[in-house]
Amino acid sequence: MTQSAFTAAGIPAALREAGEARHRLGVAGYFACFKGIVWREVLRYLHQRERFLSALVRPLIWLFIFAAGFRQTLGVSIIPPYETYVLYEEFIAPGLIAMILLFNAMQSSLSMVYDRETGTMRTLLVSPFPRSFLLLSKLLGGVSVALLQAYAFMFVAWFWGIQPPPITELKLFTFYDPPTWLGGALEKMTEPVITPLFAIPSVLQPFAGYVTVIPAIILAGLMLGSLALFMSSVIRQLENFAGVMNFVIFPMFFASSALYPLWRIREASPLLYEICRLNPFTYAVELTRFGLYGQVDTVSLAVVVGCTIVFLAAAVFAYNPSKGLIARRGGPGGSA
Amino acid sequence: MSTTSLTETDRTPALIVNNVSHSFGDKKVLDNVSLTVEQGAFVVLLGLNGAGKSTLFSLITRLYDNVSGEIFIRGFDVRRRPSQALQRLGVVFQSRTLDVDLSLMQNLKYHAALHGFSNREAANRASQALDLVGLLDRSNDKVRSLSGGQTRRVEIARSMMHHPGLLLLDEATVGLDLGSREGVVKIVRDLVAKERLGVLWATHLMDEVARTDQVVILHKGVVLFNGTVPVLLSQTGAANVREAFRSLTGTQAAIEEAA
């Protein structure tokens, strides 16, 4: 079939010399590499229409059906960052954005397990750039896709009337309620401390929430992405999405503040309350929630940043050629 | 075991593997493997599935580090100077590495970016590499629309964009029909002749060995033979490479069927 004449034209001499006098991996090289990796993730996403649609439909089902049904069942009291009573739809919107991040991270983790077998991951890892840089770029590529998905969701939700209120100023919000098992080792704050940071020009106030949420989404996406990246190196055979759904996504999503405020859970079960507070996903949700209201929840910020560092270090370690798990296990796609 | 410090000169071999052993747990997969690929040499690495070829490739591509012995790509130690070594390495993996939903050009630009080339230079290099494998006119088509042999040729173009000194191919012709196989082999042989490229071609298909090639026979992690085809035949007294392979390894199983 492909027996056509091959034009083995040879590489022009000038170019060959340029190749021999090696390209320096300078700052421009790093930037080109980063851009290439992120752009590939976005391109791939835009070419997979089903993935785009399912990523959008999933949170919308929760918003339009689940939330509508639960609105009357579950009263949400005024808790920060809310200053008035809010509809249940408005309460779960940040949780659903975090759910988008969670699904996206787990999906990209699965695709990395799959990639390991198809060789896409191998070609990434033979790049001459440092491996930690390559993995971080890949993560940020995934986060860019998640950001697109989150905006598509917020866009539809806007028409449904789920909009963050106008924001007059950016505030730091600090309230710390240490877990009971710490036994008072840390002092509890009884009243939240709110520190105004700066005022937002009145023209921008109605849309400010859509901007202030961006850093929260990026950070939360990085945290979940690095957790997933670590999982992709540990999990060897992950045949389908069902396992990840049952053992990672559902427990993380339901044992968090995504669907119900934590004080409600505390009333139901103190143990479950403690579990929710140990779940990093809770802090991803809260960071997003406060972000939409132009506030930075310092406790959530600290937990998310801390977890990102730990998970990312674990993932980089797992992919480290001399120490990592891949070396011990015999590498992608089997041994020998 | 210490090798004198090698610098990149015209005569530096494309690849030196020196006394490399590797184990997974108690299982020794590579036992004191040494081989050299000179510039402009086409070296066939012959071995059955499980002979240790993939492990050797994982070590050369630095998926994980060699714990004993040394590996040099154009004089650069893969473990100590991975960045310089990997800049001089091109790999065609057995499994596919292209995104079928993206065009040839989009795929190649991504891989050029992995080597730090700016968008514009990436486009130039991608066009040149596609021209090299005779697929320049398809550059805006999706990879999905290509045949198996054409996809392999794009993989070769991908691995050549940064003009490596060493090209590794892992079972590059698996799953191709005879015509496409010959086409792929011809392209790589032409590259060896024209670019003074060193090629390490891993395969279990004996008929891909030409009479002038250097052959390395790897069996159960041990190099059983390392030399040219005429030497292989005279040493074993065999009529062809297949028979020589069988008499060296003692395997009766037909090699071709192992595919």
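It should be noted that the structure appears before, not after, this text.
Residues numbered from 1 in each chain as written. Chains lettered and ligands numbered in written order. Predicted model: local features only at pLDDT ≥ 70, side-chain atom pairs only at ≥ 80, totals over all residues.

*Asks:* Could you give me a rundown of the overall build of chain B, with the residues and numbers involved?
*Replies:* Of regular secondary structure, chain B possesses 8 helices and 10 strands. Taken against the 2.2 N^0.38 rule, which gives 18 Å for 259 residues, the C-alpha radius of gyration of chain B at 18 Å falls within 12% of a compact globule. Expressed along its principal axes, the backbone C-alpha trace of chain B runs to roughly 50 × 40 × 35 Å. The 259 residues of chain B split such that 51% are buried. (Helix = DSSP H or I, 4+ residues; strand = E, 2+ residues; numbered from the N terminus. Rg over C-alpha atoms; globule rule 2.2 N^0.38 Å. Buried ≥ 20, exposed ≤ 12 C-beta atoms within 10 Å, placed from the backbone.)

*Asks:* Go over the sheet that holds strand β9 (residues 214-219) of chain B with me, naming the residues and quoting the values.
*Replies:* All names here are of chain B. Spatial strand order, β6-β7-β8-β3-β9-β10: 6 strands in an open sheet with mixed pairing. Looking at which strands have only one partner, the edges of the open sheet turn out to be β6 (89-92) and β10 (222-228). Across the sheet, the mean angle from the axis of one strand to that of its neighbour is 15°, orientation sign disregarded. Where strand β7 (residues 166-170) and strand β8 (residues 198-203) come together, 5 bridges link them in parallel fashion. The residue of β8 that forms the bridge with Leu 169 is Trp 201. Where helix α1 (residues 53-60) meets the sheet, it contacts β3 (42-46), β7, β8 and β9, and its direction lies at approximately 145° from that of β7. (Pairing = 2+ DSSP bridges. Axes fitted to C-alpha atoms, helices over the stretch in contact; angles between N-to-C directions. Contact = placed C-beta atoms within 7 Å.)

*Asks:* Which residues make up the nonpolar core, and what values go with them?
*Replies:* All names here are of chain A. Ranked by size, the top nonpolar core spans 164 residues in total, and within it Leu 101, Leu 102, Ala 220 and Ala 284 carry the most contacts. Looking at this core element by element, the count peaks at 17 residues for helix α4 (residues 88-118). Residues contacting Ala 284, with those up to four places away along its chain left out, are Ala 98, Leu 101, Ala 220, Met 223, Leu 224 and Val 304. (Core = buried A, V, L, I, M, F, W, Y, C linked by C-beta atoms within 7 Å.)

*Asks:* Kindly report on unusual backbone geometry, identifying the contributing residues and their values.
*Replies:* Residue Pro81(A) is reached from Pro80(A) by a cis peptide bond, and omega for that bond is 5°. In this fold, Pro81(A) is placed in the loop between α3 (49-70) and α4. Positioned with a positive phi, Glu171(B) is a non-glycine residue whose angle comes to about 45°. If you trace the backbone, Glu171(B) turns up in the loop between β7 and α6 (178-195).

*Asks:* An account of the sheet that holds strand β4 (residues 70-73) of chain B is needed here, citing residue identities and associated values.
*Replies:* Paired through backbone hydrogen bonds, the strands of a sheet run either parallel or antiparallel to each other. Residue and element names in this part refer to chain B. Here 4 strands make up an open sheet; going across it, the order is β2-β1-β4-β5 and the pairing antiparallel. Edge strands, defined here as strands with exactly one partner in the open sheet, are β2 (27-37) and β5 (76-77). Where strand β1 (residues 15-24) and β2 come together, 7 bridges link them in antiparallel fashion. Counted as the bridge partner of Val 17 is Leu 35 from β2. On top of the sheet, α1 reaches β1, β2 and β4; it is set at about 65° to β2, its chief contact.

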